[in-house]
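The primary structure of each chain is shown beneath.
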Amino acid sequence: MSDQSTDLRESVRLRYAAAALQVTEGASACCGSGTACCGPEPVEVDDNFGSTLYPADDRDALPAEALAASLGCGNPTAVAELRAGERVLDLGSGGGIDVLLSARRVGPSGKAYGLDMTEEMLALAVANAEKAGVENVEFLKGAIEAVPLPANTIDVVISNCVINLSVDKPAVFAETFRVLRPGGRIGVSDVVADDTLTPAQRAERGDYVGCIAGALSFAEYREGLEAAGFVDVEVTPTHAVADGMHSAIVRAVKPTATA
């Protein structure tokens, strides 16, 4: 990995570590003040990101800390159409909001894994799972470019505004393909750029750790997934997050094994 890529990854890690600490330290300070607990301090995001993108029923079922730490641009658990008994992997699981929702959807016969490179987010996610009373979850430390799970073991891979932050997206697509079982699928929410925008123009619309500058274009996203081996690739915009930049639903399938 180049020095520039290493620096970008560290910038992303530091931003999300700070977000996790803002949530946990805000809650601790408030609850320890001797007054009625006012809850964790949410991470500041605009209306295009965060827990407001989830329906009220989902939000009501989760700890306040999971909602406060939400930085995503969609609701991948709904995108992926999860079913009972499935094994789900969330790339860049953060405070655990999508892992907890996934675990409820797949039920006790299924399992939800969360993968994150940030110790502070992992600690927050584990605490949130305990508060929610959700047991069919497991949080793993690692990079989304090198998933610490065996091949052909996951039914569904989800992610929420994280793949665009990767400095090596072909590796993310290849690892996603590897861990999925044949016939497995992805259901991802991500920031995607219009095909007409150059990388420099994307950078003008937001810094790298702000979920915008590292975004692929629609064509690049489709081509990257197809190059990794995926079929039935769909990249569908849902709402604008900046000029020429969109939150999008990304779906694709790993082909079933052939004789």
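Residues numbered from 1 in each chain as written. Predicted model: local features only at pLDDT ≥ 70, side-chain atom pairs only at ≥ 80, totals over all residues. Heavy atoms only, no water.

Of the regular secondary structure elements, the protein holds 9 helices and 8 strands. Relative to its 259 residues, the protein shows a buried fraction of 54%. Pairs at least 24 residues apart make up 71% of the contacts formed inside the protein by residues separated by at least 6 positions. In the structure as shown, the protein presents an accessible area of about 11,000 Å², 52% of it carried by carbon and sulfur atoms. (Helix = DSSP H or I, 4+ residues; strand = E, 2+ residues; numbered from the N terminus. Buried < 20%, exposed > 50% of the residue type's maximum accessible area, 1.4 Å probe, protein only. Contact = heavy atoms within 4.5 Å. Areas by Shrake-Rupley, 256 points an atom, 1.4 Å probe, with all protein chains shown as cover.)

Attention shifts here to the environment of Thr198. Counting through the fold element by element, Thr198 comes out in the loop between strand 5 (180-193) and helix 8 (199-204). Owing to a relative accessible area of 37%, Thr198 belongs among the partly exposed residues under this scheme. For the pair formed by Thr198 and Leu216, sequence separation is 18 residues and the distance between their alpha carbons is 9.9 Å.

So, about unusual backbone geometry. Of all residues except glycine, most have a negative phi; of all peptide bonds, most are trans. Of note in the backbone geometry, Cys161 takes a positive phi value of approximately 60 degrees without being a glycine. The topology assignment puts Cys161 in the loop between strand 4 (154-160) and helix 7 (169-179). Its identity as a non-glycine residue notwithstanding, Asp232 has a phi of 50 degrees, on the positive side. Tracing the sequence through the fold places Asp232 in strand 7 (residues 231-242).

What follows covers the packing of helix 7 against helix 9 (residues 218-228). The N-to-C vectors of helix 7 and helix 9 enclose an angle of 45 degrees; their axes lie 9 Å apart at closest approach. Here helix 9 runs oblique to helix 7, going by the angle between their axes. Seen from above, helix 7 lies across helix 9 with right-handed handedness. Contacts between helix 7 and helix 9 involve Phe173, Ala174 and Phe177 from the former and Tyr221, Gly224, Leu225 and Ala228 from the latter. Each residue belonging to the contact of helix 7 with helix 9 can be placed in one class, and the counts come to 6 nonpolar, 1 polar and no charged. (Axes fitted to C-alpha atoms, helices over the stretch in contact; angles between N-to-C directions. Parallel < 35°, antiparallel > 145°, perpendicular 65-115°, else oblique. Left-handed = near helix turned anticlockwise from the far one by under 90°. Nonpolar A, V, L, I, M, F, W, Y, C, P; charged D, E, K, R; others polar.)

So, on to the nonpolar core. Counting residues in each nonpolar core, the largest one holds 30 residues, and the members touching the most others are Leu89, Ile186, Tyr221 and Leu225. Only strand 1 (87-91), strand 2 (111-116), strand 4, helix 7, strand 5, helix 9, strand 7 and strand 8 (245-253) provide two or more residues apiece to this core. (Core = buried A, V, L, I, M, F, W, Y, C linked by side-chain atoms within 4.5 Å.)

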